[in-house]
Every structure is written in C-alpha cells, then in structure tokens.
Amino acid sequence: MVSKIHVSALKSIKNLEIECSGLNLLVGRNSSGKSTFLQALLLYAQRKLDGKYISVGEFREARNYNMPNEKIRIELYEKNKTKPDWIEFIEDKENDSYNINSCIENYNLKSLKNLMGKDNDLEEQAVCKFDDSNFHYLSCHRIGVNDIYKKNMINETDFGIDGEYALAYLLKNEGETVKEDLIANDPNFTSTLLGQVNYWMNYIVDTSLLLTDLKKTNYLQVKYNNNPKNKLSDALYCRPINIGSGVSYLISIIISCLASNRKDVIIIENPEIHLHPKAQSRLCEFLYFISKTNRQIFVETHSDHIFNGLRVGIATKYMKQEDISVNFFALDEKNETQCNHIVFGDYGKVIGTNNNMDINDLFDQFDIDLDRMLGI
C-alpha cells in the first residue's frame, strides 16, 4: 500500500507531500490541484506525459511555471519502506522534449550489485509497480446510458478508463464467486459477481440488473429493475434510459471494485455523478468497505454528501479515522497548490491540521446560503 506521495514541479504543485490511507478523499474548489495530484499517480503509472491514462501536453505545459529549471518528480512511499519509488521527467531543451529517469532503472542496477554482494539496502527500497492488473482508473467521463454496450475484444480483464468495458467484464464473469473478503453476506443475493453487484446496486440505488449477451455481435444489453417483486420477470426489467442516468454511472464503480484484487490501487473521479444524496452517502459505505479489504482507493469529489458520509461514519464509530485520509486543496496567493489534511473530531467536527490554511471553502456553501436566507 502507498503510505505517502510526494509531488514536485507539476502544474500548480510546487512541492506537496500527502500521507495516504486505505480510502483517500481529495476535496477543494475547481482548479485547486486535486486533479493534478491524481494526474501525478497516472503519470507514475503510465511512465510518460501522454499515454493510456492521461495526456498533459508538452513538458513546459506540465511543469510548474514558477520552477522553469526544475524537473518534475513523483515519489511514492510504501509502508515499512524508508526509500521511495520515484520517476522524474527532465526537460530536453535541445530536442524540445523530455527524458525520463526512474527508480526502476536504478533498482535493477542495485539488484545486480546486490547479487555481487556490493549493496545490502534494497529491502528499504519501495517498488510500487503499477500495471493493468493492479491499477484501475475510472475517469469523470465514465460511460452512461446506452441501449447496448460494447464487449471488450482486446483485453477481457480491462474495465476501460471510462468504464466502457465494465459490463462486458461482468457478463463474462457473472457466475464467478467474488473473493471472500469482498462478499456481503445476504441470503437474498448470491456470492457470485453478479449477485454481489446486485446487492450493492440494491443497497445504494434500490435497483438490480440483468445482462443479455447479444449473440453473434460485439455487443451486450443491460436492463434494470427497481421492484424486487419483479426480479423473476425479464419483461419487467427496464432499459437504462428508463431507470435514471445515475445508475449507469454507478455500475462501473461497483464492478471495478468488486473485481479487484488485494493491494490494487483504484482511482475514481467524481463518483457522485447523477446520484441522489442518499445514494452518495451509501456509496461512501461501499468505498470504505472495499478499502478495508487491503485495496487502496483515491477519490476526487465535489460532493458534500460524500464528505459528510465519512464524517458520519467516524462520528458513529462505523469507520475509523486512521483508515481514511481527507485532504483539502486550495491555491495560495501565488496560485500554487496547498493542502490541509482534515480530521474529524467528536460529533463529526471538521478540523484542519495545516495552521497556514483556512477551511472556509470546504463545503460551507449551504451554511453561507442559509445565513443569507436568514438575513445574517
């Protein structure tokens, strides 16, 4: 598990270090650096500025404009390791490009030296290798309502950056038993992937789904049912367009989490898209449940209901403070990203730990509007 992330010279981030937990929530105003911090993880995973997960443009566009001679550096620390894994993007002015230096190359060299008895400190070196098997990213552009969805004809284990193949993965693996630590025991739902997906769909949005393979095509069909009494009647299942768009955006989150493995890293942008406040709160419970099974989740959100869902969880002792990391991002007077780590006190009291930052823009608009209505 990643225990700490340090980013320097990337866009609005000059020098930022954040402690990580199982469930990591990034909050703050628009253009405050939340996405940039997540992009650091994506750049680390894809090992280049323009790749599978993200395209940030040319090197000079990506580098902090107040640091014209610096290299972009991303460091990931691992629990019980003293040395970080890291990657650097270094400007190549002659070729108007950039070069990459990474810990992996140095690690391989050290491994060779270690075999020759010349280096004995490799056990202190973090190696947070991300690949398609243990790193999952769902963007804010997740696929929504469609009558039919594409099957994945290339990589059957890939959910797609926009969740476009999540339903295809479910179709292929619907009868497979979910890993034991992810099973929510309920006599009304089986321990199969489809059964567990439907358990959480029912809990969060009072809906279950049914998949149909459109034979001899590259497509599948999904239907939803929000009446438990109708679950045995295929004719009473609705097309996605008739059930609400929030359900379609939610499904890829549930599938990708339930299909993940221990030690996987999952990044989700704006999980609250088109969801009712009650559903957002219950989604919080799902994400916490997943993170407690040794899977690490990073969430960027603008939802006070997601934020307050964690407050309630800690206030009611359902969740533990040490399992959650909440970080509030804001720009300083130089338009550089600063971070205030948030903890929750008794009765969900919000406490900022960075004395150099206030928390005035931390989901306080409701209070501001209420004061205006009351004439305060």
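Residues numbered from 1 in each chain as written. Predicted model: local features only at pLDDT ≥ 70, side-chain atom pairs only at ≥ 80, totals over all residues. Heavy atoms only, no water.

A. View of the overall build of the chain. From N to C terminus, the chain includes nine helices and 15 strands. Here the C-alpha atoms of the chain give a radius of gyration of 22 Å, agreeing with the 21 Å that 2.2 N^0.38 yields for 376 residues. Along the first, second and third principal axes, the C-alpha atoms of the chain reach 65 × 65 × 40 Å. Out of the 376 residues in the chain, the part that is buried amounts to 49%. For the chain, the share of sequence-separated contacts (at least 6 apart) that also reach a separation of at least 24 residues comes to 60%. Total accessible area on the chain stands at roughly 18900 Å², and carbon and sulfur atoms take up 47% of it. A gap of 4 Å separates the mean positions of the 43 positive and 52 negative side-chain charges of the chain. (Helix = DSSP H or I, 4+ residues; strand = E, 2+ residues; numbered from the N terminus. Rg over C-alpha atoms; globule rule 2.2 N^0.38 Å. Buried < 20%, exposed > 50% of the residue type's maximum accessible area, 1.4 Å probe, protein only. Contact = heavy atoms within 4.5 Å. Areas by Shrake-Rupley, 256 points an atom, 1.4 Å probe, with all protein chains shown as cover. Lys, Arg positive; Asp, Glu negative; His and termini not counted. Charge placed at Lys NZ, Arg CZ, Asp CG, Glu CD.)

B. Region of interest: the packing of helix α4 (residues 166-173) against helix α5 (residues 193-205). With their axes 8 Å apart at the nearest point, α4 and α5 run at an angle of 130° to one another. If you check the angle between α4 and α5, you find them oblique. Residue-level contacts link Tyr 169, Leu 170 and Asn 173 of α4 to Leu 193, Leu 194 and Val 197 of α5. Considered class by class, the residues forming the contact of α4 with α5 number five nonpolar, one polar and no charged. (Axes fitted to C-alpha atoms, helices over the stretch in contact; angles between N-to-C directions. Parallel < 35°, antiparallel > 145°, perpendicular 65-115°, else oblique. Nonpolar A, V, L, I, M, F, W, Y, C, P; charged D, E, K, R; others polar.)

C. Spatial organisation of unusual backbone geometry. The backbone of Asp 206 sits at a positive phi, close to 55°, despite the residue not being glycine. Within the fold, Asp 206 resides in the loop between α5 and β9 (208-213). Residue His 274 is not a glycine yet carries a positive backbone phi of 65°. Take His 274: it is sitting in the loop between β11 (265-269) and α7 (277-291).

D. Region of interest: the sheet that holds strand β8 (residues 148-150). A sheet is described by the order of its strands in space; here three strands give the open sequence β8-β10-β9, paired in antiparallel fashion. The sheet terminates laterally at β8 and β9, the two strands that pair on one side only. With direction set aside, neighbouring strand axes in the sheet form an average angle of 35°. Strand contacts of α4: β8, β9 and β10 (219-225), with the helix running at about 80° to β9, the strand carrying the most contacts. (Pairing = 2+ DSSP bridges.)

E. Representation of the pattern of salt bridges within the structure. The full count for this structure, using the stated rule, is 15 salt bridges. Across the salt bridge formed by Asp 181 and Arg 295, the nearest N and O atoms sit 3.0 Å from each other. You can see Asp 181 sitting in the loop between α4 and α5 and its partner Arg 295 sitting in the loop between α7 and β12 (296-300), a full 114 residues away along the chain. You can call Asp 181 partly exposed: its relative accessible area is 27%. (Salt bridge = Lys/Arg side-chain N within 4 Å of Asp/Glu carboxyl O.)

F. Representation of a negative patch on the surface in the model. Together, Asp 50, Glu 58, Glu 61 and Asp 96 give the surface a local cluster of negative charge. Locating Asp 96 in the fold gives a position in the loop between β5 (85-92) and β6 (97-102). In this structure Asp 96 comes out as exposed when scored by relative accessible area, which is 57%. (Patch = residues over 30% accessible without salt bridge, like charges linked within 9 Å, V, L, I, M, F, W, Y side chains within 5 Å.)

G. Fine view of the environment of Leu 38. Tracing the chain through its elements places Leu 38 in helix α1 (residues 34-46). Taking the C-alpha atoms as reference points, Leu 38 and Ile 273, 235 residues apart in sequence, are found 18 Å from one another.

H. View of the side chain of Gln 296. As for its placement among the helices and strands, Gln 296 is situated in strand β12. Look at Gln 296 and you get buried, because its relative accessible area is 2%. From its side chain, Gln 296 meets the backbone oxygen of Ser 21 in a polar contact 2.9 Å long. Excluding residues that lie within four positions of it along the chain, Gln 296 makes contacts with Met 1, Val 2, Cys 20, Ser 21, Gly 22, Asn 24, Asp 264, Val 265 and Ile 266. (Polar contact = N/O pair within 3.5 Å; in protein donor to acceptor, adjacent residues only side chain to side chain.)

Don't take any of this as a statement about function, it's just geometry.
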